Amino acid sequence: MTAKTSRIIIKTFVKTALKDADEAPERCTRNLVDMALHFSKGRFQISFFEMARTMLNNENSPYYPLIEDALKHMDKDKLIEFGLNLGYNGCTMGAHIVRKIKRTENINVPWLLFLNIDSAHENLTESYQPIFDQGKELGIYVYFLYTNKDPERLLPLIRQNEDCAIILLCGSDCITEDFADSAKDINHLLIGVNYDDHTDAACLVLRDHRLLYSVYRMFTEDESSEILSGSYYRYAEELHCPFSAVIADPTCSSETRGNVYKAAVGTRVAQKYRTIPIDLMYDAETVGNIISPPSSVIGFQPDGTIYNLRNNGRLLSHNIFKESLRDILQKSFSMGE
C-alpha cells in the first residue's frame, strides 16, 4: 500500500468518526484515539496515542471540554488536514525517510525546522520554496515560521506547501480581519499568537473565522514565575487555545529552562487546565529523540544563517541561501561529528 493510499484511508476513517462529534464529542474522541492506536506502527505514534488514551480514561479530564470546543469552533477540515500533515506526513512517512537517511547516509536530519522570515523580503516565495523542497526530500514536513510583521505576505508560500504542517508564529497586532480572511482557505496552517496585551483580541478574530490557533510565549528568567505558577496557562484556556506554548529566551539559565519544562510536563500529565502546555524546544527535542536520536532542533535566521536552539541559538557557519540543506546537515549534524 502506497503512502498516498494509506493517508486517504486514514482521512476517510477520521471524517467518518467526526460525523457524530457534535452529538457525542467524548465518544468520538475515544474512538479516534482507539482508531489511531490501531493504525499506529511507528514508535512516536504508539507512544503518543497510548498516553492520550490513558489521559482520556479520566472522565473529568479538562481535555474533553477542550476537544469539544475545538470541534465546535474550529473548522473540521482544518483540524483533519493539519492533523494528518503533522501526524502522518511528518511523524510517519517523513520519520521513515529521516531514519532511512540516518541509516544509509549517516546524517542526523531534524524532524522539523524553524524559519525566521523577514516579511519584507522581495522574492519571499521564490527564495524560501527551495528550502521546503529540500526539506521534504529529507523527510521534513513540519515547519515553524516566524515573522515580526505582516504575516499575510507568507501565505502564498504556505499555500504552496499543502502537504506540510505549518505553524505561523506572529505578533498579536498582526492578526487583523483582513489577515484572517486571507488565511481562511488554508487548511494545513496553525497560527501561533504571541502573548502580550493584545492577544485576547487577536484570538477572538481567529476564533470568529474558525481558524486553528494557539498562543506562545518567549519567557525571560524573571517572567518564568508566571509560567511556573500556572497563570499563563489559565490565561490561555480562557482564550480557548488548544495549545499554550513556551520557549526560553537565550538568557535563561539551564535550571530555569529545566524547571519550566518539568512544570509543563507535570501540568500536561495532571490535566490541570483546558489547554495543553508545550515547551517548543524541549518537546520538539523529545519527539525528535523518539523518531531518530539524537535529536537536533535547528532554525535559520532571515539572512539564512543556521542556528541551534539547543545551544542557546548559537549560530553556525553555514547559510541556507548559499548551500543545500543536505550539505549543511551533513557538515554540521552527521553522526560522526
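Located above this text is the structure these notes cover.
Residues numbered from 1 in each chain as written. Predicted model: local features only at pLDDT ≥ 70, side-chain atom pairs only at ≥ 80, totals over all residues. Heavy atoms only, no water.

A. Layout of the overall build of the chain. Across its full length, the chain carries 14 helices and ten strands. Counting over 337 residues, the chain shows a buried share of 53%. In the chain, once contacts between residues fewer than 6 apart in sequence are set aside, the share between residues at least 24 apart is 65%. Total accessible area on the chain is roughly 15,400 Å²; 51% of this is exposed by carbon and sulfur atoms. (Helix = DSSP H or I, 4+ residues; strand = E, 2+ residues; numbered from the N terminus. Buried < 20%, exposed > 50% of the residue type's maximum accessible area, 1.4 Å probe, protein only. Contact = heavy atoms within 4.5 Å. Areas by Shrake-Rupley, 256 points an atom, 1.4 Å probe, with all protein chains shown as cover.)

B. Expanded view of the pairing of strand β6 (residues 243-248). Most of β6 sits out of view: five of its six residues are buried. Direction of pairing for strand β5 (residues 213-219) relative to β6: parallel, over a ladder of five bridges. Looking across to β6, one finds that Tyr 216 is bridged to Ala 245. Taken together, the four bridges between β6 and strand β7 (residues 276-279) define a ladder with parallel strand orientation. In the strand pairing of β7, Val 246 is matched with Asp 279. Read as a crossover between parallel neighbours, the route from β6 over helix α12 (residues 254-270) to β7 is right-handed. (Pairing = 2+ DSSP bridges. Right-handed = clockwise from strand over helix to strand, strands pointing away.)

C. Examining helix α13 (residues 280-291) more closely. Here α13 is twelve residues long and its end C-alpha atoms lie 16 Å apart, about the 16 Å a rise of 1.5 Å per residue gives. Within α13, nine of the twelve residues are buried, which leaves the element mostly enclosed by the surrounding structure. All buried positions along α13 are accounted for by Leu 280, Met 281, Tyr 282, Asp 283, Ala 284, Glu 285, Val 287, Gly 288 and Ile 291. (Expected span 1.5 Å × (residues − 1).)

D. A look at helix α11 (residues 231-238). What α11 keeps buried is the set Tyr 232, Tyr 233, Ala 236 and Glu 237. In an axial view of α11, the angular spread of the buried residues amounts to 135 degrees, which keeps them on one side of the axis. Of the surrounding elements, those touching the buried residues of α11 are β5, α10 (224-228), β6, α12 and β7. One or two steps after α11, the chain reaches His 240, where phi turns positive at roughly 60 degrees. (Arc of directions from axis to C-beta.)

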